[in-house]
Amino acid sequence: MSQPASNIRLRSARHAAGYRSQQELATALGVGVRQVRRWESENPPWPHPDLQQALTELLGQDMESLGFTPPAGRDRPDSVRRSLVGASVAAVGLAAVPMQSAVAMQPASVAADFEAVTRSHRRLYWSVAPATLHPAAVAHATLGCALLTETSGQTRRAVAAALAESYLLAGRIEFFDLRDGDQAGRKLLLALQAAGQADDPLLGSAILAHSAFIPAWDGERDAAVERMVAARTYARRGPASAEFLAWLDAVEAECETRCGNTRTALHLIGHAEDVLATGAEHASPVWLDWFSPVRLAAFKGNTQLKAGHLPQARTTLLRVLDDMPATEDKQRTVIYGDLAAVEAAAGNPEAACEYACRGLEQLKVTWYAMGMDRVREVRRALAPHQHEQCVRDLDERLYGWATTVSALAR
């Protein structure tokens with residue numbers, strides 16, 4: 001038997017937008033499934049204006065492209081509205097992360113394919129040289145921007161979320177590895193735009209918290225605090241896990257430490273420890289791979305160091321070194337640097353140089369600008385001992401061919 005005639009255009013657009021059944025689209029629109037069946041029939045009725053707008057926004061195409069024929073004398077308000085919205089967005093400069101456009105739609109499978117590459121980049125960050133990974137992440141984000149104009153509905157939101165992750169990764173590399181705060185700020189803004197189109201408040205919170213690091217590194221506490229307030233506001237809109245909330249405390253603690261407020265920072269770290277101990281019902285998002293109880297302890301050790309609590313800092317950091325997973329190569333360089341700083345402050349130049357040299361050896365394997373910054377800070381602190389042999393040996397390592405070229409190249 002032949003299949004009954006139907007509105008093929010609407011059905012195809014529904015599948016491309018990720019709505020596999022008529023019931024899923026009906027739920028998204030807030031109508032009964034019978035209404036969707038009528039729209040997918042051979043002679044679909046012309047929807048009410050509010051449903052026209054909802055259909056075009058969810059499916060990314062105008063009414064005629066969806067198989068509807070306007071009654072005689074009816075204008076096409078959805079097409080007019082789309083043109084006006086596009087013009088308004090361009091006029092205020094918000095088109096860096098594009099809106100939808102009237103082009104051929106990608107299949108729903110494009111979201112999973114795009115997400116798979118984003119996920120791979122996320123894992124590669126911990127082992128691939130940042131200067132190598134960064135161009136790939138940026139190119140992937142450029143592809144995501146193009147896909148946003150060719151997807152809609154659930155598919156578009158999934159692509160937008162993965163795009164936000166890609167821009168966040170690029171921003172993290174630019175700030176933590178390449179030490180370019182201006183570029184990082186621009187990438188994080190694009191990440192936030194994409195997270196908004198995905199309507200993902202937790203991802204938005206993570207991006208805002210990362211953006212707080214940029215002014216904090218320049219000692220601009222008010223700007224950092226404002227961004228952390230925004231990050232916490234977004235976190236309240238989503239099902240935040242205990243780990244995520246503790247990470248927000250840790251970020252704010254590092255910002256306060258950078259601005260000289262170590263007492264406030266230690267209070268925040270104590271609160272984070274309590275949050276982790278209490279737990280929460282929600283699971284952490286899969287992209288939260290940069291934080292753990294061990295990472296929190298690393299934050300604590302650095303803050304204790306900056307506060308002048310040297311015995312406590314030494315104990316905390318040695319425990320972190322013991323508990324740190326073997327895969328944490330980048331963070332290990334930071335811990336070596338902090339332990340070196342503890343010994344330098346305690347008047348133990350030989351021990352300081354030993355830890356600094358361990359950090360440099362690790363940096364040969366996995367470059368991390370934050371780790372190199374720590375070693376350089378230690379070398380400056382060792383200026384009173386610069387004629388001692390251990391410091392001269394450190395200089396030989398610090399200014400060796402491989403290390404110097406590596407630092408300049410990145």
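A brief look at the structure comes next. (Residues numbered from 1 in each chain as written. Predicted model: local features only at pLDDT ≥ 70, side-chain atom pairs only at ≥ 80, totals over all residues. Heavy atoms only, no water.)

This part takes up the overall build of the chain. The helix and strand inventory of the chain stands at 20 helices and zero strands. Here the analysis covers contacts within the chain between residues at least 6 apart in sequence; of these, 67% occur between residues at least 24 apart. (Helix = DSSP H or I, 4+ residues; strand = E, 2+ residues; numbered from the N terminus. Contact = heavy atoms within 4.5 Å.)

Quick look at the packing of helix α14 (residues 293–306) against helix α16 (residues 329–345) now. The relative placement of two packed helices is expressed as an angle between their axes plus a distance between the axes. Two elements in contact, α14 and α16, have axes separated by 10 Å at closest approach and are oriented at 25°. Taken together, the axes of α14 and α16 lie roughly parallel to each other. Read as a crossing pair, α14 and α16 show a hand that is left-handed. Facing R295, A298, N302 and L305 of α14, the residues of α16 in contact are Q331, I335, D338, A341 and V342. Class assignment of the residues belonging to the contact of α14 with α16 gives a composition of five nonpolar, two polar and two charged. (Axes fitted to C-alpha atoms, helices over the stretch in contact; angles between N-to-C directions. Parallel < 35°, antiparallel > 145°, perpendicular 65-115°, else oblique. Left-handed = near helix turned anticlockwise from the far one by under 90°. Nonpolar A, V, L, I, M, F, W, Y, C, P; charged D, E, K, R; others polar.)

With that settled, the discussion passes to the side chain of R374. Tracing the backbone shows R374 in helix α18 (residues 369–381). A distance of 2.7 Å separates the side chain of R374 from the side chain of D338, its partner in a polar contact. Beyond its immediate sequence surroundings of up to four residues, R374 is in contact with R258, N302, V334, G337 and D338. (Polar contact = N/O pair within 3.5 Å; in protein donor to acceptor, adjacent residues only side chain to side chain.)

Attention now moves to helix α2 (residues 22–29). For an α-helix the count is 3.6 residues per turn, leaving residues at separations of three or four pointing the same way. Residues of α2 that are buried include every one of L25, A26 and L29, and no others. Within α2, the buried residues cover an arc of 100° as seen down the axis, which keeps them to one side. Phi turns positive, to about 75°, at G30, one or two residues after α2. (Buried < 20%, exposed > 50% of the residue type's maximum accessible area, 1.4 Å probe, protein only. Arc of directions from axis to C-beta.)

With that settled, consider a negative patch on the surface. Together, D180, D182, D218 and E220 give the surface a local cluster of negative charge. Here D180 lies in the loop between α8 (153–177) and α9 (181–198). Here D180 falls in the partly exposed class, since its relative accessible area comes to 31%. (Patch = residues over 30% accessible without salt bridge, like charges linked within 9 Å, V, L, I, M, F, W, Y side chains within 5 Å. Areas by Shrake-Rupley, 256 points an atom, 1.4 Å probe, with all protein chains shown as cover. Salt bridge = Lys/Arg side-chain N within 4 Å of Asp/Glu carboxyl O. Lys, Arg positive; Asp, Glu negative; His and termini not counted. Charge placed at Lys NZ, Arg CZ, Asp CG, Glu CD.)

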